[in-house]
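So you can see what is in the structure, the chains are spelled out below.
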Amino acid sequence: MDSFADRATDVTRRLRDLFAPTPLQRNDHLSRMFDADIWLKREDLSPVRSYKIRGAFNAMGASLAARPENRLFVCASAGNHAQGMAFNCCHFGVRGVIFMPVTTPRQKIDKTRVFGGDAVEIRLIGDYFDDTLRTAQEWCAEAGGTFLSPFDDAHVIEGQASVAVEILDEMAAAPDRIVLPVGGGGLSAGVMRYLAERAPDVALNYVEPRGGASLVTALAAGGPVTLDRVDSFVDGAAVARIGALTWDVLRKANPGDVIVAPEDRICTTMLRMLNVEGIVLEPAGALSIDALTDLRDRIRGQRVVCVTSGGNFDFERLPEVKERAQRHLGLKKYFILRMPQRPGALRDFLQLLGPGDDIARFEYLKKSARNFGSVLIGIETDDAGSFDRLYKRLDEGDFVWRDITGDAMLSEFLV
């Protein structure tokens, strides 16, 4: 087979030994919301609740075909890649050693053990992923194993392209547009290459989290750049540097087709899909749906497929997701307020609140020998416009105050 599309099609056929095609479902709610024909490619319903099982399957199969005597595979991952490799270690009957940061949530460690069983060993090394990766690669070289990259591998890219193969197989006619999440670029590079051969008229959009926009940065610089800082909230897609092999493909992307999604807005999308549709998505899994907000004018009347890339969500994070969603919608804010240290001062402040305002946080310690004290206040409301009215009343009452909601460092420290 000398065609990328042929190889991707062959991977798709062989994947049927592992699992049936993930569902491609029309979503009525989103279709009405965006005046388009919106379909979801539900990679969150794969056996490991992400598309990572595909690339791991193809890369491990290719390695075993080339070197059948090498039965040791190694990876570094704190999430979906680890689970995909663990599942395939059981399938191929090989040994896997998975390195994870010490800070990895227990839920992810336990799920990886469930998928891998006795076939995998998990080693917790390092506080940061870079330390974990370096240790894993060094250990793999000494042990003579095969290191399985999460995205920067030709066979992994071919495996992820099976998502596009299934989309075209399952639709009577090719969609107008496919929206893809981007982390290291394995999925988007695979889909882009496959469609270039089999359905070149399909438009593509790529979505990155604002705190890990490695593709946007690379396109602007003309090559991969290591980001100085990465916000790990969208942990399945927050990558500091786009892959070298994936960049060779994605360098052809039009910068105008890349969407950068704010993390707080992604939280509103996660909650909407959970509350309205009963669909559990991790932050990276919600990226493609979240991007529809930015694409609204472009997609009207089109048939659009959003790839929901993962559903490995730890519900212990739900309070944080709700908090960030409320802040994005303007329904929750935090203030530092300078309050007079006199009887009745608190009552005076409370009388400024509107009927839909509720105090969610209040921290104040009276200090002797001072005329004023600082108060940390969190307020929730049912109407974002009520904050403008509150600001006006605070100014009219000669209160000294500061809104710290948008100050990431200060609010993270205090809240």
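Remember, it's a predicted structure, so these values are computed and weren't measured experimentally.

The next thing to look at is the packing of aromatic side chains. Evaluation of the coordinates by the stated rule reveals 10 aromatic pairs. Aromatic pair Phe335 and Trp401: ring centres 5.9 Å apart, planes at 65°, arrangement edge-to-face. In this pair, Phe335 sits in strand 11 (residues 332–340) while Trp401 sits in strand 14 (residues 400–403), placing the two residues 66 residues apart along the sequence. Among the residues examined, Trp401 registers a relative accessible area of 24% and is labelled partly exposed. Taken together, the ring pairs in this structure connect Phe335, Phe387, Tyr391 and Trp401 into an aromatic cluster. Directly above the aromatic system of Phe387 lies the positively charged group of Lys333, at a separation of 5.7 Å from the ring centroid.

Spatially, the four strands line up as an open sheet ordered 5-4-3-6, and their pairing is parallel. Here the strands that pair on one side only, and so sit at the sheet edges, are strand 5 (120–124) and strand 6 (146–147). Examined bridge by bridge, strand 4 (residues 95–100) and strand 5 share five bridges and lie parallel to one another. Its bridge partner being in strand 5, Ile98 is matched across the sheet by Ile122. The strands that helix 4 (residues 80–92) touches are strand 3 (72–76), strand 4 and strand 5; relative to strand 4, the one it contacts most, it runs at about 165°. Helix 6 (residues 129–143) contacts strand 3, strand 4, strand 5 and strand 6 of the sheet and is inclined by roughly 165° relative to strand 3.

Examined against the element boundaries, Asn312 turns out to sit in the loop between strand 10 (303–308) and helix 15 (318–328). Within the structure, Asn312 has its side chain in polar contact with the side chain of Lys111 (distance 2.4 Å). Those residues in contact with Asn312 that lie beyond four places of it in its chain are Val48, Arg49, Ser50, Asn80, Gln83, Lys111 and Glu282.

As a further point, take the pattern of salt bridges. Within this structure, the stated rule accounts for 35 salt bridges. The partner of Lys332 in a salt bridge is Glu323, with the nearest N and O atoms 2.8 Å apart. Taken as a pair, Lys332 and Glu323 share a single burial class, namely buried. In this structure, Asp403 engages Lys333 in a salt bridge whose closest nitrogen and oxygen atoms are separated by 4.0 Å. Of this pair, Asp403 sits in strand 14 while Lys333 sits in strand 11; the two residues are 70 residues apart in sequence, bridging distant segments of the chain. Residue classification places Lys333 among the buried positions, given a relative accessible area of 18%.

Overall, mixed pairing links the six strands, which are arranged 1-2-10-7-8-9 in an open sheet. Single-partner strands in this sheet number two, and they are strand 1 (24–26) and strand 9 (258–261). The average undirected angle you get between the axes of adjacent strands in this sheet is 25°. With three bridges connecting them, strand 1 and strand 2 (residues 37–42) associate as antiparallel partners.

Following both chains from N to C, one finds helix 1 (residues 4–15) and helix 8 (residues 162–170) inclined at 85°, their axes separated by 8 Å at the closest point. By the angle between their axes, helix 1 is roughly perpendicular relative to helix 8. In this structure, helix 1 contributes Ala8, Thr9, Thr12 and Leu15 to the contact, and helix 8 contributes Ser162, Val165 and Glu166. By residue class, the composition of the contact of helix 1 with helix 8 is three nonpolar, three polar and one charged.

Enumeration according to the criterion identifies two cavities of 30 Å³ or more in this entry. Size it by volume and the largest cavity reaches roughly 50 Å³. If you go around the largest cavity, the residues you meet are Met270, Leu271, Leu274, Ile279, Val280, Leu281, Phe313, Phe315, Leu318 and Val321. Sorting the residues of the lining of the largest cavity by element identifies helix 12 (263–277) and helix 15 as the ones contributing at least two each. Top element by residues in the lining of the largest cavity is helix 12. It accounts for three residues. Of the residues contributing to the lining of the largest cavity, the split by class is 10 nonpolar, no polar and no charged. Space inside the second largest cavity adds up to approximately 40 Å³. If you trace the second largest cavity, you find it lined by Phe335, Leu337, Phe349, Ile377, Ile379, Leu390, Leu394 and Trp401. At the level of elements, strand 11, strand 13 (372–380) and helix 17 (386–396) are the ones that each hand at least two residues to the lining of the second largest cavity. In terms of residue class, the lining of the second largest cavity is made up of eight nonpolar, no polar and no charged.

Further remarks concern the pairing of strand 10. Along a regular strand, successive side chains alternate from one face of the sheet to the other. Most of strand 10 sits out of view: five of its six residues are buried. Bridge count for strand 2 against strand 10 is six bridges, and the pairing is parallel. Along strand 10, the bridge assignment pairs Arg42 with Thr308. Pairing between strand 7 (residues 177–181) and strand 10: three bridges, direction parallel. Across the sheet, the residue bridging to Val179 is Cys306, located in strand 10.

Analysis parameters
- Residues numbered from 1 in each chain as written.
- Predicted model: local features only at pLDDT ≥ 70, side-chain atom pairs only at ≥ 80, totals over all residues.
- Heavy atoms only, no water.
- Phe/Tyr/Trp six-rings, centres within 6.5 Å; stacked < 30°, edge-to-face > 60°.
- Helix = DSSP H or I, 4+ residues; strand = E, 2+ residues; numbered from the N terminus.
- Buried < 20%, exposed > 50% of the residue type's maximum accessible area, 1.4 Å probe, protein only.
- Lys NZ or Arg CZ within 6 Å of the ring centre and 35° of its normal.
- Pairing = 2+ DSSP bridges.
- Contact = heavy atoms within 4.5 Å.
- Axes fitted to C-alpha atoms, helices over the stretch in contact; angles between N-to-C directions.
- Polar contact = N/O pair within 3.5 Å; in protein donor to acceptor, adjacent residues only side chain to side chain.
- Salt bridge = Lys/Arg side-chain N within 4 Å of Asp/Glu carboxyl O.
- Parallel < 35°, antiparallel > 145°, perpendicular 65-115°, else oblique.
- Nonpolar A, V, L, I, M, F, W, Y, C, P; charged D, E, K, R; others polar.
- 1 Å grid on protein atoms, 1.4 Å probe; cavity = no way out; pocket = protein on both sides within 12 Å on 5 of 7 lines; lining within 4 Å.
- Points joined across faces, edges and corners; volume = space filled by probe spheres on them.

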